[in-house]
Amino acid sequence: MKNNVLIVGGGPAGLEASSQLQRLGYNVILIERSTALGGHLAKWDRLFPSGVSARETLKSLMGHIEGVKYFTDTEVQSINRLEKSYNVILSNGITVLADAVLMTTGFDLFKASRKEEYGYGIYNRVITNADLEAYFRNGSDPRIDNPKRIGFVHCVGSRDEKAGCRSCSKVCCATAVKQAMEMKQAFPDADVFCFYMDLRLFGRHYEDMYLSAQRDYGIRFIRGRVAEVAENADGSLQVKAEDTVASKPLKASLDLLVLMAGMRPSVSGRRVGDLLEMPVEEDGYFSVKEGIVSGQKSPHPGIFLAGAATGPKTLPDTLADARAAAVMIDQYLSDVFPEAKHYKNLVRELW
Amino acid sequence: MIYEGKQKIWADYQKEIPDDHYFYVRSCIRQSFFPASEATFLDITRNRLGKDIFETEHHTTCGGIAYHSDTIPQETVMTIIARQFALMAKNGYENYVCSCITSFGLYCETMETWREFPELEAKIRENLWKTCKLDFAKPKYLIHASDLIYKYRNLIAKQAVHKLVNVHTGQPLKVVEHIGCHYSKMFPSKGVGGAEYPYVLVGMIEAWGGEIVDYPERRHCCGFGFRQYFIKGNRGYSLSNTHKKFESMEPFHPDFIITNCPGCPYFMDRWQYVIAESTGKTYGQDGHGIPVLTYEEVAGLVMGYDPWDLGLQTHQVGVEPLLDKMGIEYDPEKKYQGKGGKDIGRPEPCACLK
Amino acid sequence: MVDFGFGLVPSSRINLDLFDKERYEELASMEPDVRKCMSCGSCTAVCTAGKYSATSLREAIECIHNGQPDKALGMLKSCQFCGKCTMVCPRGINTRHLILSINKTYGEL
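Residues numbered from 1 in each chain as written. Chains lettered and ligands numbered in written order. Predicted model: local features only at pLDDT ≥ 70, side-chain atom pairs only at ≥ 80, totals over all residues. Heavy atoms only, no water.

### Notes on the packing of aromatic side chains
Moving on, step 1. Applying the stated criterion across every chain yields a total of 32 aromatic pairs over all chains.
Moving on, step 2. Look at Tyr-210 of chain A and Phe-221 of chain A: their rings are 4.9 Å apart centre to centre, the planes differ by 85°, and that puts the pair in the edge-to-face class. One end of the pair, Tyr-210 of chain A, is in helix H5 (residues 206–215); the other, Phe-221 of chain A, is in strand S14 (residues 220–223), and 11 residues separate them in sequence.
Moving on, step 3. Here Tyr-210 of chain A falls in the buried class, since its relative accessible area comes to 6%.
Moving on, step 4. Seen from their ring centres, Phe-23 of chain B and Tyr-96 of chain B are 5.8 Å apart, and the 35° between their planes marks the pair as tilted. Of the two residues, Phe-23 of chain B sits in strand S1 (residues 22–25) while Tyr-96 of chain B sits in strand S3 (residues 95–98), which places them 73 residues apart along the sequence.
Moving on, step 5. Members of the aromatic cluster, connected to one another through ring pairs, are Phe-33, Phe-34, Phe-224, Tyr-266, Phe-267, Trp-271 and Tyr-273 of chain B together with Phe-4 and Phe-6 of chain C.
Moving on, step 6. Sitting over the ring of Phe-136 of chain B, Arg-125 of chain B keeps its end group 4.1 Å from the ring centre. (Phe/Tyr/Trp six-rings, centres within 6.5 Å; stacked < 30°, edge-to-face > 60°. Helix = DSSP H or I, 4+ residues; strand = E, 2+ residues; numbered from the N terminus. Buried < 20%, exposed > 50% of the residue type's maximum accessible area, 1.4 Å probe, protein only. Lys NZ or Arg CZ within 6 Å of the ring centre and 35° of its normal.)

### Looking at the interface of chain C and chain B
Moving on, step 1. Every contact between the two is made by 9 residues of chain C and, on the other side, 17 residues of chain B.
Moving on, step 2. Carbon and sulfur atoms supply 70% of the area that chain C and chain B bury against each other, a total of about 1,200 Å² over both sides.
Moving on, step 3. For the pair chain C and chain B, the number of links is 1 salt bridge.
Moving on, step 4. The partner of Arg-13 of chain C in a salt bridge is Glu-217 of chain B, and the shortest N-O contact between them spans 3.4 Å.
Moving on, step 5. Inspection of the region where chain C meets chain B yields 3 residue pairs in polar contact (both at pLDDT 80 or more). (Contact = heavy atoms within 4.5 Å. Buried area = accessible area lost by both parts, 1.4 Å probe. Salt bridge = Lys/Arg side-chain N within 4 Å of Asp/Glu carboxyl O. Polar contact = N/O pair within 3.5 Å; in protein donor to acceptor, adjacent residues only side chain to side chain.)

### Focus on the domain arrangement of chain A
Residues and elements named next belong to chain A.
Moving on, step 1. Partitioning chain A into structural domains gives domain 1 (4–106 + 266–336) and domain 2 (109–263).
Moving on, step 2. Taking only C-alpha atoms into account, the centre of domain 1 sits 31 Å from that of domain 2.
Moving on, step 3. Taken together, the contact pairs 18 residues of domain 1 with 23 residues of domain 2.
Moving on, step 4. In this assembly, domain 1 packs against domain 2 so that about 1,700 Å² is buried in total across both faces, 56% of it on carbon and sulfur atoms.
Moving on, step 5. The three residues of domain 1 that bury the most area against domain 2 are Arg-46, Phe-48 and Pro-312, which together make up 35% of that side's buried surface. (Domains from an automatic or database assignment.)

### Some thoughts on helix H2 (residues 54–62) of chain A
Residue and element names in this part refer to chain A.
Moving on, step 1. Taken residue by residue, H2 has Ala-54, Leu-58 and Leu-61 as its buried positions. Down the axis of H2, the buried side of the element spans an arc of 60°, and every buried residue falls inside it.
Moving on, step 2. Turning to H2, the residues buried within the fold contact helix H1 (12–23), strand S3 (46–47), strand S4 (52–53) and helix H7 (315–336). (Arc of directions from axis to C-beta.)

### Structural notes on the pairing of strand S6 (residues 76–81) of chain A
All names here are of chain A.
Moving on, step 1. Relative to strand S7 (residues 86–90), S6 is paired through 5 bridges, and the arrangement is antiparallel. Paired with Val-76 across the strands is Leu-90, a residue of S7.
Moving on, step 2. Where S6 folds back onto S7 in an antiparallel hairpin, the turn is made up of 4 residues. (Pairing = 2+ DSSP bridges.)

### Remarks on the sheet that holds strand S8 (residues 292–294) of chain B
All names here are of chain B.
Moving on, step 1. The parallel open sheet is built from 4 strands, whose spatial order is S6-S5-S7-S8. Whereas interior strands pair on both sides, the edge strands pair on one side only; in this sheet they are strand S6 (211–213) and S8. In this sheet, adjacent strand axes meet at a mean angle of 40° when their direction is disregarded.
Moving on, step 2. The sheet contact formed by strand S5 (residues 174–178) and strand S7 (residues 256–259) spans 4 bridges and is parallel. Bridge pairing in S7 places Glu-177 opposite Ile-258.
Moving on, step 3. Against the sheet, helix H14 (residues 295–303) contacts S7 and S8, and its axis sits at roughly 90° relative to S8. (Axes fitted to C-alpha atoms, helices over the stretch in contact; angles between N-to-C directions.)

### Topic: the interface of chain A and chain C
Moving on, step 1. Listed by partner, the interface residues are 23 residues for chain A and 18 residues for chain C.
Moving on, step 2. Between Lys-21 of chain C and Asp-191 of chain A there is a salt bridge, and its shortest N-O distance comes to 2.7 Å.
Moving on, step 3. For the pair chain A and chain C, the number of links is 14 residue pairs in polar contact (both at pLDDT 80 or more).
Moving on, step 4. Class assignment for the residues of the side of chain A that touches chain C results in 10 nonpolar, 3 polar and 10 charged. (Nonpolar A, V, L, I, M, F, W, Y, C, P; charged D, E, K, R; others polar.)

### With respect to the sheet that holds S14 of chain A
Residues and elements named next belong to chain A.
Moving on, step 1. Read across the sheet, 5 strands follow the order S11-S18-S12-S13-S14 without closing on themselves; strand pairing throughout is parallel. On the outer flanks of this sheet lie strand S11 (126–128) and S14, each paired with one strand and no other. Neighbouring strand axes in the sheet, compared pairwise and without regard to direction, differ in orientation by 25° on average.
Moving on, step 2. Note: strand S12 (residues 149–156) against strand S18 (residues 256–261), 5 bridges, orientation parallel. Note on S18: the bridge partner recorded for Phe-152 is Val-258.

In structure tokens:
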């Protein structure tokens, strides 16, 4: 008799945890709300810091999930706790008796149109970081027309009381620097400006990205938040910020403005969490049992968390979190169901 | 410009505006700058739209000028406002309409402060009783007079004899709309359309056939304020702010500017004269300026009132080019004739501004 | 022209559209590391002349980026070439050569 593990959310965390748990011999059921697995990773083009292909990364994650039962276009309809397990009814009618539940519901991107002063959805030349990744994947976007002056706005929807999110979204600064360099590669004659409040480039090789952006691509970093965007008669944008280093307000005419939309707790994830009465902290993300040593356990026994469901994370963080959750689930299930038998699936993999 | 994006935001910031029975309070200085605006407003709402709009000769200023110039404390201004509310209650009304934008901002501020600090409201109630033996009731609806014209813009359009269209070319007139700062910048939810893309004047212009111009410095303050321009030496600061707006709207070649504040049209009209006479620069065609009108004047023109009855002869920037574009008939001889054909005198001609 | 006793006040706003890209590229070809400056302020903090006059390499570079080269030259006028800034720059910029290059590129104005 094997234990069942239900994994809610088919993004990178869900995929990685699925493959690890499958390998450890558990019966893994992975459900995904949308039509395709991959989460947000499926929409990106290149990943920082080295520019590896998002497609290839996703392909390698998907390559390990043989044997995992997954259902797309499926959501949790109802879930209730029995003595040692969870009785879950899915929207496709299937009932799962889950001995452990792993929530990898991820994040939502902040809706940039809510920052009215930036005019996203009103002015033609204002796009978001997600739109830009889509442009790099598809090759065309009517809003991007040989821009000569490009601006990046950091912290859109993050670190902003008015937008309802006080916290930092962790990955947008590195994304902005990456995208700025990619735009300079695509349009070598363009002037590129990054408007930031603080630059958060903490990870390995991130500082090198910053240095390269300045030294090799001539990107100008202006410390000052963009506060007002308006449209000139010729369709270009007039952008107002302060150069806080020079202590003077500035204005610039730009042909394209890219808003770094931040991370928000997933609304659909929250819905499932509420069914389980999972506590949520002030920032909207799920609470964990203890932030340092038990970051993958929720306060409820048998419910685990991994990935951006517990706060903004980079992709390496997410994958590490997912693997840690798999180990924690293994430990928990071996403890609670000592008579269950699980045999590891051997995976031949060259180092 | 993606118009649907703006419409989404306007849908978010809707405001409840009552249907009838209004208590109207006038503005301190508006009647001096734009003499017929308030009279036109009352005529349109009472006689053309058939609404009950009441004003009493006992009402006073809201105290805004003194408050914003730091000469009276907040409690004094709140007591003055409480007295205004008491007059409203005494006359049996609960819908408060004010003519001035700064007043509107101050009333909103007062109501919000009272909501957050009920003990202050109790204190003001006591103050009012001690000074005037009056008891006040907070208005159920607090709106600005432009909200009212906005609400009835379609009724006005039905009764309109002119449209905001250039009769010679058939093109809609290009209109710059300027909202007073205190309308929505302080409390975005209290203004129609919110703070970034206010809709109250845009709605009027669209209903009457015009086309709105969105230019980069649209949100910028005209520089009115209060305390900084009382002293002549500081006036350059206000002048420069209005100048910045003009420089920004010039490439769009607007036909006129519509505003809903007392101070803004005053500044935008008079400063064009100062800029023209001190630097020689004009912003209209052929040395003319851009006419600046209040929303009541625009409503009046559209409904067929005589321009000189609307007080347009007191404007510094001549409105004749606009009247010609709209195809409105006017008698140039009657421009400087008061009641009974009396000659009210002529202003000195300008050197640069026509 | 009439004198009203008050007039237009000049705007202190930086207009990035006025940035002289060509001249900046000239400077960068002389001293490529000018691009590496991250405005940390270490140079200004230790500057000998900066204790007694408005001297700041960080501010001078910022002024150049903001299209105010004359202000930049003013900021470097009192430089004594003592070398303290070169000692502390975390990005390893040869600040001495940069100051000389700025004077050379923009000095002929």
